[in-house]
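Structural overview
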Amino acid sequence: MTEASAAPATPLLPGLRRLLRPLVRLLIRRGITFPLLAELLRELYVEVARNDLPADPRARTDSRISLATGIHRKEIRRQRISDPPAGTEPEMLGMSSHIIARWLGLPPWRGEDGAPLPLPRGGAVSFDALVASVTRDVRPRAVLDEWLSQGVVRLDAEDRVVLAAAAYLPQPGSAAQWHYFARNLHDHLAAATANVTAAQAPPFLDRSVHYDALTPAQAAQLSALARQAAERLLLDVNRAALALLDAPAEGAAAAPTRRVNLGVYLFDEDDAPGADRS
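1. Details of the pattern of salt bridges
- One pass over the full model with this rule turns up 10 salt bridges.
- A salt bridge links Arg78 to Glu39; its shortest N-O distance comes to 3.3 Å. Residue Arg78 is located in helix α4 (residues 73–80), and its partner Glu39 is located in helix α2 (residues 34–52); the two are separated by 39 residues in the primary sequence.
- Glu39 gets classed as partly exposed once you look at its relative accessible area, which sits at 29%.
- Measuring nitrogen to oxygen at the nearest pair gives 3.9 Å for the salt bridge that ties Asp236 to Arg239. One end of the pair, Asp236, and the other, Arg239, are both in helix α9 (residues 216–246), three residues apart, so they sit about a helical turn from each other.
- Residue Asp236 is classed as partly exposed on the basis of its relative accessible area, which comes to 46%.

2. Some points on the side chain of Asn195
- Tracing the sequence through the fold places Asn195 in helix α8 (residues 175–197).
- Since its relative accessible area comes to 16%, Asn195 is described here as buried.
- Leaving out residues up to four positions away in the same chain, Asn195 has contacts with Pro202, Pro203, Phe204 and Asp206.

3. Some words on a nonpolar patch on the surface
- On the surface, a cluster of nonpolar side chains totalling about 1,000 Å² of accessible area is made up of Leu12, Leu13, Leu16, Leu19, Leu20, Leu23, Val24, Ile28, Trp178, Phe181, Leu185 and Leu189.
- The set of elements that each furnish at least two residues to the nonpolar patch consists of α1 (12–29) and α8.
- Sorting elements by how many residues they give to the nonpolar patch places α1 first, with eight residues.
- We classify Leu20 as partly exposed; its relative accessible area is 38%.

4. Some points on the nonpolar core
- By size, the foremost hydrophobic cluster in this structure holds 22 residues, and its most contacted members are Trp103, Phe127, Trp147 and Val153.
- The dominant element in this core, judged by the number of residues it contributes, is helix α5 (residues 93–105), at five residues.
- If we ignore the near neighbours within four places in the chain, the residues touching Phe127 are Trp103, Leu119, Pro120, Arg121, Pro140, Val143, Leu144, Trp147 and Val161.

5. Details of the packing of aromatic side chains
- Evaluation of the coordinates by the stated rule reveals three aromatic pairs.
- Judged by centre distance (6.1 Å) and plane angle (65 degrees), the rings of Trp103 and Phe127 are edge-to-face. Residue Trp103 is located in helix α5, and its partner Phe127 is located in helix α6 (residues 127–132); the two are separated by 24 residues in the primary sequence.
- For Trp103, a relative accessible area of 0% corresponds to the buried category.
- Looking at Phe127, the relative accessible area reads 0%, which means it is buried.
- Among the aromatic residues, ring-to-ring pairing joins Trp103, Phe127 and Trp147 into one connected group.

About the criteria used
Residues numbered from 1 in each chain as written. Predicted model: local features only at pLDDT ≥ 70, side-chain atom pairs only at ≥ 80, totals over all residues. Heavy atoms only, no water. Salt bridge = Lys/Arg side-chain N within 4 Å of Asp/Glu carboxyl O. Helix = DSSP H or I, 4+ residues; strand = E, 2+ residues; numbered from the N terminus. Buried < 20%, exposed > 50% of the residue type's maximum accessible area, 1.4 Å probe, protein only. Contact = heavy atoms within 4.5 Å. Patch = residues over 30% accessible without salt bridge, like charges linked within 9 Å, V, L, I, M, F, W, Y side chains within 5 Å. Areas by Shrake-Rupley, 256 points an atom, 1.4 Å probe, with all protein chains shown as cover. Core = buried A, V, L, I, M, F, W, Y, C linked by side-chain atoms within 4.5 Å. Phe/Tyr/Trp six-rings, centres within 6.5 Å; stacked < 30°, edge-to-face > 60°.

Function-wise, these values are silent; they only describe arrangement.
Printed below as a string of structure tokens:
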């Protein structure tokens, strides 16, 4: 009996095929072959089993991991001495997103209508002061040059710095874009996984509004409405988060170890009768 034929009967498998299809399509387009993916999955199976088995380290034996993963103990022993390196955040990524978050979310960088203000290069309320409110390790001119090259900002007729987007949008194909791709999909999948395995109420928000059988005009109108609503939501949450961080701590503050990631997505496509909806 092959491993494939011995696979447990579970409603997860059909869903897994649909879940992985866009990723496999991307891997093929990017030249990631099946042997490369198989090697990555083999290492990841062992890593996850090692970390997620019972907390008692004595239970994390090679035999226990082999039984849970179906991977030979010889391979598990090899991986014990060659763990993959931890991922790193691209240079300037966190700083850039933080600067833009303050520009969008806090006075005096935004106007009464909530829109980010055009900023002069120098002065008390300026682009230089905005950058300095986040970091003094990088010169404001270096940030400005980088953002101008990426189209994040532009200079107006008065030589003021104008934010060109309502969020930090990395250049297509850049390390920053791939970082957000992995982080956001990881967090969405982690939330959904926690919800379907929860014994009681789902711990995370994971909901969507979905309609099919729409005309192209109806779909375009709904997509535009969704984009506007999503941008308002993200801006509101960003402003609330900045207000919390800038507020003085009360009492004995707990260690800042937790993170929150609120994401939104919008997808539409032609769904002809009989078409593969995945």
